[in-house]
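# Summary of the model geometry
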Amino acid sequence: MSGTKSGGHADDPFQEGGGSLLRQPKAVWATAGASVVAFMGIGLVDPILPSIARGLHASNSQVSLLFTSYFLITAFAMLVTGFVSSRIGGRKTLLAGLALVVVFAALSGMSGSVGELVGFRAGWGLGNALFVSTSLAVIVRAAAGGSAAAILLYESALGLGMACGPLLGAILGDLKWRYPFFGTAVLMAIGFVAITAFLKEQPRPARKTSLLDPLRALGHGGLASAAVAAFFYNYAFFTVLAFTPFVLDMSPYSSGGVFFAWGVLLAVFSVLVAPRLQHRFGSLKVLGGSLLLLAADLLVLGYGDHTTAVVCTVLSGAFIGLNNTVFTELALGVSDAPRPVASAGYNFVRWFAAAAAPFLAPKIEEWTDLHIPFVVAAAAAVAGAGIVAVRRRALTIEAAEPAPRHAAQDGVSAFAN
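Residues numbered from 1 in each chain as written. Predicted model: local features only at pLDDT ≥ 70, side-chain atom pairs only at ≥ 80, totals over all residues. Heavy atoms only, no water.

## Quick look at the overall build of the chain
Which entries qualify depends on this criterion: Only DSSP runs of H or I covering at least 4 residues are called helices, and only runs of E covering at least 2 are called strands; the numbering of each starts at the N terminus. Three exposure classes are used, based on accessible area relative to the maximum for each residue type with a 1.4 Å probe and protein chains only: buried under 20%, partly exposed in between, and exposed over 50%. Residue contacts are defined here by distance: any two heavy atoms, one from each residue, within 4.5 Å place the two residues in contact. Residue-level accessible areas treat just the shown protein chains as cover; the underlying method is Shrake-Rupley with a 1.4 Å probe.
Of regular secondary structure, the chain possesses 18 helices and zero strands. Taking all 417 residues of the chain together, the buried fraction comes to 57%. When contacts within the chain are restricted to residue pairs at least 6 apart in sequence, long-range pairs at least 24 apart make up 87% of them. Summed over all atoms, the accessible surface of the chain reaches about 15,100 Å², with 67% contributed by carbon and sulfur.

## Focus: the packing of aromatic side chains
Note the threshold: A pair of aromatic rings is counted whenever rings of Phe, Tyr or Trp (Trp by its six-membered ring) have centres within 6.5 Å, and the orientation is called stacked for planes under 30 degrees apart, edge-to-face for over 60 and tilted otherwise. Both a distance and an angle decide whether a charge sits over a ring: NZ of Lys or CZ of Arg must be within 6 Å of the ring centre and within 35 degrees of the ring normal.
Applying the stated criterion across every chain, the model contains 18 aromatic pairs. Here phenylalanine 231 and phenylalanine 232 contribute two aromatic rings whose centre-to-centre distance is 5.6 Å and whose plane-to-plane angle is 90 degrees, an arrangement assigned as edge-to-face. Judged by relative accessible area, phenylalanine 231 falls into the partly exposed class, the value being 27%. Site record: aromatic cluster; members linked through ring pairs are Phe67, Tyr70, Phe71, Tyr233, Phe237, Phe238, Phe259, Trp262, Phe327 and Trp351. One Lys or Arg, arginine 121, reaches over the ring of phenylalanine 67 and ends 6.0 Å from the middle of that ring. The side chain of arginine 350 reaches across the aromatic face of tryptophan 351, ending 4.5 Å from its centre.

## What to know about the nonpolar core
How we decide: To form a nonpolar core, buried Ala, Val, Leu, Ile, Met, Phe, Trp, Tyr and Cys residues must be joined to one another through side-chain atoms within 4.5 Å.
With 119 residues, the main nonpolar core has Ile52, Phe71, Ile195 and Trp262 as its most contacted residues. If one sorts the elements of this core by residue count, helix H11 (residues 221-248) sits on top with 17 residues. If we ignore the near neighbours within four places in the chain, the residues touching isoleucine 52 are Val63, Leu66, Leu117, Trp177 and Phe181.

## Some words on a nonpolar patch on the surface
Defined as follows: Every patch collects residues that have over 30% relative accessible area and no salt bridge, joining them within 9 Å if they carry like charges and within 5 Å if they are nonpolar side chains (Val, Leu, Ile, Met, Phe, Trp, Tyr). Salt bridges are identified by distance alone: a Lys or Arg side-chain nitrogen within 4 Å of an Asp or Glu carboxyl oxygen.
A surface patch of nonpolar side chains, about 550 Å² in accessible area, is lined by Leu167, Ile171, Tyr253, Phe260, Val264, Val268 and Leu272. Of all the elements in the fold, those that place two or more residues in the nonpolar patch are helix H8 (147-173) and helix H12 (252-281). Looking at the nonpolar patch element by element, the count peaks at five residues for H12. Secondary-structure assignment places isoleucine 171 in helix H8.

## Focus on the side chain of serine 335
Summarising the element assignment, serine 335 is placed in the loop between helix H14 (306-333) and helix H15 (339-367). Given a relative accessible area of 12%, serine 335 falls into the buried group. Serine 335 has contacts with His220, Leu223 and Ala342, leaving out every residue within four places of it along the chain.

## Observations regarding the packing of helix H5 (residues 65-88) against helix H7 (residues 114-142)
Quick reminder of the rule: Where helices are involved, their axes are fitted lines through C-alpha atoms of the stretch in contact, as for all axes, and angles between N-to-C directions lie from 0 to 180°. By the definition used in this description, the sense in which the near helix is turned from the far one sets the handedness, with an anticlockwise turn below a right angle giving left-handed and a clockwise turn giving right-handed. Residues were grouped as follows: Ala, Val, Leu, Ile, Met, Phe, Trp, Tyr, Cys and Pro as nonpolar; Asp, Glu, Lys and Arg as charged; and all remaining residues, including Gly, as polar.
At a minimum axis distance of 7 Å, the contact between H5 and H7 shows a crossing angle of 35 degrees. Here H5 and H7 pass one another in a crossing that is right-handed. Seen from H5, the contacting residues are Leu65, Leu66, Phe67, Ser69, Tyr70, Ile73, Thr74, Ala77, Met78, Thr81 and Ser85; seen from H7, they are Leu117, Val118, Arg121, Ala122, Trp124, Gly125, Leu126, Asn128, Ala129, Leu130, Ser133 and Thr134. Class assignment of the residues belonging to the contact of H5 with H7 gives a composition of 14 nonpolar, eight polar and one charged.

## Considerations on the pattern of salt bridges
The final tally for this structure, using the stated rule, is two salt bridges. Across the salt bridge formed by arginine 216 and aspartate 213, the nearest N and O atoms sit 3.0 Å from each other. Of the two residues, arginine 216 and aspartate 213 both sit in helix H10 (residues 213-217), three residues apart, roughly one turn of that helix. In this structure aspartate 213 comes out as buried when scored by relative accessible area, which is 9%.

## Here's the deal with the confidence of the model for the chain
For the record, the criterion: A residue's pLDDT is the predictor's confidence in that residue, given on a scale from 0 to 100.
Predicted confidence across the chain gives a mean pLDDT of 82, with 86% of residues reaching 70 or more. Ranking the elements of the chain by mean pLDDT puts helix H1 (residues 2-6) last, at 37, and helix H16 (residues 372-390) first, at 97. Predicted confidence for residues 1-19 stays below pLDDT 50, and this span has 42 contacts to residues more than four positions away or in other chains. Every residue in residues 398-417 is under pLDDT 50, and counting partners more than four places away or in other chains gives 75 contacts.

## Some words on helix H2 (residues 26-43)
Note the following rule: Multiplying 1.5 Å by the residue count of a helix minus one yields the expected span of that helix.
Counted at 1.5 Å a residue, the expected span for H2 with its 18 residues is 26 Å, and the 27 Å between its end C-alpha atoms agrees. In terms of residue burial, H2 counts as a mostly covered element, since 15 of its 18 residues are buried.

Below, the structure is given as structure tokens:
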């Protein structure tokens, strides 16, 4: 990657603008802070899934629908967010997303049944999609001293949110399973006030995005191949995120600690390790190798003892971090569609797997046994690697482009988008 070969901005953000990383406008800090909370919301429910099941007298497969409804709405929202933000502007889109999260997170905490909770999580997913899909572009435009420092701030917010979400869920959920939802609503309300106060409206794009643009972009063979491979990968990813807490069957604190370590590895390998491995081996080799390693990790997780399952759960964060970064780079660079449009089409496909895995994994366990959901997830990861191998010519891009820099400049990120 050029960032690593030339020592460009993506690798040295502190030198851009004289150490501008910490000298940012209040608008940047307000948006970055709200981004941390937005990413926390993804893994927030992990440690308290068993507690929710007990509290609402629900089965594991019913509680797993919290992820299914969230990501199903997120998938469809990928077709809408560009349409909305190109018409009302980034600031209003952020505030609309935050307002929806505040309302639906609070309603989630007041749910009287698992059906209500699943429905409220769907509304939460729409709000989070509107916010996350817009926040990075806003940060980059508002940042002082160039884009590299702003990108690092956002990627740091992503990693911090993914790591701390399970931890917050554990701390508050140990008191009562409803409290993490109320805590998120309060934090997002603070973010809403901060963005209202400090962020001014930014110029709207010259060309408005239509609802069909992302679907048209999928007509490109390379982008379609990346999306389908990512679909299978995401099935494996969200089997870990949504099904493993039931397998570990730990207290909220213990489960939160496991997924905190998982999130730390995800962030480190996504932001720091993936670019270096890509520079040395190439994107497709890194992607194929990390998918096969994830498959092996899932098999060991499924058939190992409890300690082995904990270790493999944490270790999977490293492979997931690598895959997130490389898949996003492929999606953004493989076609000639504008990057926000290509990203929306790609994510429209892959988020359906994030919706399917949390529902199917517990069902497969009910139909078979505890091991088979991990066998299916491992097979999905292998299928993704197979598509990468078979379609390598269509997926070949100028791998010298540094993913974090280019992805961020177009308002997408390695995990969230």
